[in-house]
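# Structural description and commentary
Chain by chain, the residues run as shown.
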Amino acid sequence: RQIGCGRVAASTGRTVVLALAVGVAVGTFDLALERFTPWGEHVEALNRAAGYTWANVALPWSLPHYLHASILSECAFRLFAIVVPAWLVLRLLKGRFEAPVFWSFALLSAWIEPLIKAIAVRKLPLFGMTPLETAVNLFAVAEQLLFAWMLRRYGWSAPILARLGYYLLVRVFIGYLYPPGSIMYPGPH
């Protein structure tokens, strides 16, 4: 078995449904976190301060856009950050220690997206984040580890589909339930 190729433990249809459901579940949790905790207001204020006025592409272009974004994101966060380096290290180790090598790279790569969002996008300090900011970033790392587990368990398509499920909920459809002036409302405004 090769790193990250998954085992065929379920039918393709079952994997598709499971992966999309995981993405929707993660998206639902993210939306609840923003709606029912101070995190939503905090992020809205950070986004406004950074000059962002909108974040989501409007239909119908959002469908190909977020499919493309799902594939590119998973190439960056799973393929190039976990599978390729783990494969190279395992070549040196002659295939021994496959699980520890995979999970070492998965843990390191799980920090990439949360730190990019926190530091580069939201301009938060690396050291000195509030407890709420730290907790949300730790949850984001857990999301990334869940997607890595899906890669290892179900193969390459699973994290792509999970991210697509997340994007369909959070970026494509739910945005239309926000007021038109909201950053979440699709399209430029």
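Keep in mind that this is a model prediction, so the values were computed, not measured. (Residues numbered from 1 in each chain as written. Predicted model: local features only at pLDDT ≥ 70, side-chain atom pairs only at ≥ 80, totals over all residues. Heavy atoms only, no water.)

### Some words on the overall build of the protein chain
- Tallying secondary structure elements over the protein chain gives seven helices and zero strands in all.
- Moving toward the C terminus, one meets the helices and strands of the protein chain in the order α-α-α-α-α-α-α.
- In terms of its C-alpha atoms, the protein chain occupies a principal-axis envelope of roughly 55 × 40 × 25 Å.
- For the protein chain, buried positions account for 42% of its 189 residues.
- Taking the intrachain contacts of the protein chain between residues at least 6 apart in sequence as the baseline, contacts between residues at least 24 apart amount to 76%.
- For the protein chain, the computed accessible surface area is about 10300 Å², with 72% contributed by carbon and sulfur atoms.
- Of the side chains in the protein chain, 16 bear a positive and 9 a negative charge, and the two mean positions are spaced by 13 Å. (Helix = DSSP H or I, 4+ residues; strand = E, 2+ residues; numbered from the N terminus. Buried < 20%, exposed > 50% of the residue type's maximum accessible area, 1.4 Å probe, protein only. Contact = heavy atoms within 4.5 Å. Areas by Shrake-Rupley, 256 points an atom, 1.4 Å probe, with all protein chains shown as cover. Lys, Arg positive; Asp, Glu negative; His and termini not counted. Charge placed at Lys NZ, Arg CZ, Asp CG, Glu CD.)

### Structural notes on the environment of valine 136
- Here valine 136 shows up in helix α6 (residues 131-154).
- The buried category is assigned to valine 136, whose relative accessible area is 11%.
- With 85 residues separating them along the chain, valine 136 and glycine 51 place their C-alpha atoms 22 Å apart.

### So, unusual backbone geometry
- Residue proline 60 is reached from leucine 59 by a cis peptide bond, and omega for that bond is 0 degrees.
- Position of proline 60 relative to the elements: it lies in the loop between α2 (39-49) and α3 (62-92).
- Phi angles above zero are rare outside glycine, and lysine 94 is one such case at about 55 degrees.
- Looking at where lysine 94 falls in the secondary structure, it is placed in the loop between α3 and α4 (98-110).
- The class for lysine 94 is exposed, based on a relative accessible area of 69%.
- Backbone geometry at lysine 123 places phi at a positive 60 degrees, although glycine is not the residue there.
- Position of lysine 123 among the secondary structure elements: in the loop between α5 (112-121) and α6.

### Examining the packing of α6 against helix α7 (residues 157-173)
- The geometry of α6 relative to α7 is characterised by a closest axis approach of 7 Å and an angle of 140 degrees between their N-to-C directions. The orientation of α6 relative to α7 falls into the category oblique. Contact residues: Gln144, Phe147, Met150, Leu151 and Tyr154 in α6; Ala158, Pro159, Ala162 and Arg163 in α7.
- Classifying every residue of the contact of α6 with α7 gives seven nonpolar, one polar and one charged. (Axes fitted to C-alpha atoms, helices over the stretch in contact; angles between N-to-C directions. Parallel < 35°, antiparallel > 145°, perpendicular 65-115°, else oblique. Nonpolar A, V, L, I, M, F, W, Y, C, P; charged D, E, K, R; others polar.)

### Remarks on the pattern of salt bridges
- Counted by the stated rule, this structure contains six salt bridges.
- Here arginine 78 and glutamate 74 are joined by a salt bridge, their closest N and O atoms 2.6 Å apart. Taken together, the residues arginine 78 and glutamate 74, both in helix α3 and four residues apart, mark about one turn of the helix.
- Classification of glutamate 74 by relative accessible area gives buried; the value is 0%.
- Through salt bridges that share partners, Glu74, Arg78, Glu113, Lys117 and Arg163 make up one connected network. (Salt bridge = Lys/Arg side-chain N within 4 Å of Asp/Glu carboxyl O.)

### Focus: the side chain of glutamate 143
- Note that glutamate 143 resides in helix α6.
- There is no salt bridge for the buried glutamate 143, and the closest opposite charge comes from lysine 117, which lies 6.3 Å off by N-O distance.
- Beyond its immediate chain neighbours, meaning those up to four positions away, glutamate 143 contacts Val26 and Asp30.

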